[in-house]
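# Residue-level structural notes
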Amino acid sequence: MSKIHNHDVGSPLSGIKLLDVGCGGGLLSEPLGRLGAAVTGIDPLEDNIRTAEQHKSFDPVLDKRVQYRNCSLEDMVEHGMESYDAVVASEVVEHANDLESFIQSCLQVLKPGGSLFITTINKTQLSYLFGILLAEKVMALVPEGTHDWDKFIAPVELERLLESSKSFK
Ligand SMILES: C[S@@+](CC[C@H](N)C(=O)[O-])C[C@H]1O[C@@H](n2cnc3c(N)ncnc32)[C@H](O)[C@@H]1O
């Protein structure tokens, strides 16, 4: 296979050590592993890790590329575990009890110059309507109480928090 800058074209993330914080059932860990990254997925819920392990077992390619650990980000930081080229926190910050400290912890497990990727639900009237009212109370797609409006954050606020956290790293 042809190579660009030492990366396989078919594995653009090869050589990247990546932490998927709050990996749940491995929805993102798996595709990131297929793209070549060495992924560690962590989640404090044992059931989620069990589901992720089980789903991973269907694809032998993932055996060596994706590993899961049953722990929180805070546990990792406390035990001074490894550092990563990239940290992904997808749909996790809206569940954090202390967002500032969660972001600090993300930064602590990042290598110097590493990248932090965060996805979350915006704080808008629409996200209240769809994310809480419809999804939880009307259609019961997710259990009631899954989301807390007070924990939703607008991109501009998250950006401000990230900027201020950088200087404390
Ligand atoms: C909405 S799920 C997102 C799952 C997955 N990232 C995805 O996008 O499909 C949020 C997950 O974050 C986990 N979580 C919450 N706080 C965490 C923390 N402090 N450290 C690690 N995981 C956490 C929860 O257990 C839950 O599985």
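Residues numbered from 1 in each chain as written. Predicted model: local features only at pLDDT ≥ 70, side-chain atom pairs only at ≥ 80, totals over all residues. Heavy atoms only, no water.

Where an unreviewed UniProt entry is consulted, the protein chain appears under the name Methyltransferase type 11 domain-containing protein, with the organism given as Engystomops pustulosus.

### As for the sheet that holds strand β5 (residues 66-69)
Within the open sheet, the five strands sit side by side as β5-β4-β3-β6-β7. Their pairing is parallel. Sheet topology places β5 and β7 (110-119) at the edges, where each strand pairs with a single neighbour. Looking at each pair of strands side by side, their axes are set apart by 20° on average, direction ignored. Summarising the sheet, strand β4 (residues 38-42) and β5 pair through four bridges and their orientation is parallel. For glycine 41, the partnering residue across the bridge sits in β5 and is tyrosine 68. (Pairing = 2+ DSSP bridges. Helix = DSSP H or I, 4+ residues; strand = E, 2+ residues; numbered from the N terminus. Axes fitted to C-alpha atoms, helices over the stretch in contact; angles between N-to-C directions.)

### Side note on a nonpolar patch on the surface
Together, Leu126, Tyr128, Leu129, Phe130, Leu133, Val138, Met139 and Leu141 make up a nonpolar patch on the protein surface, roughly 780 Å² of accessible area in all. If you trace the backbone, tyrosine 128 turns up in helix α5 (residues 125-138). The partly exposed category is assigned to tyrosine 128, whose relative accessible area is 34%. (Patch = residues over 30% accessible without salt bridge, like charges linked within 9 Å, V, L, I, M, F, W, Y side chains within 5 Å. Areas by Shrake-Rupley, 256 points an atom, 1.4 Å probe, with all protein chains shown as cover. Salt bridge = Lys/Arg side-chain N within 4 Å of Asp/Glu carboxyl O. Buried < 20%, exposed > 50% of the residue type's maximum accessible area, 1.4 Å probe, protein only.)

### Description of the pattern of salt bridges
This model, assessed by the stated rule, comprises eight salt bridges. For glutamate 46, the salt bridge goes to arginine 50, with nearest N and O atoms at 3.4 Å. Placement of the pair is glutamate 46 and arginine 50 together in helix α2 (residues 46-56), with a separation of four residues, close to one helical turn. Here lysine 137 makes a salt bridge to glutamate 144, at a shortest N to O gap of 3.2 Å. By sharing partners, the salt bridges in this structure join Lys17, Arg69 and Glu82 into a single network.

### Digging into the UniProt feature "domain: Methyltransferase type" (unreviewed entry) in the protein chain
With numbering matched to this structure, UniProt assigns "domain: Methyltransferase type" (unreviewed entry) to residues 19-118. Secondary structure within residues 19-118 divides into 33% helix and 28% strand; the distance between the first and last C-alpha atoms comes to 12 Å. (UniProt positions renumbered as here; feature names shortened; annotations may be inferred.)

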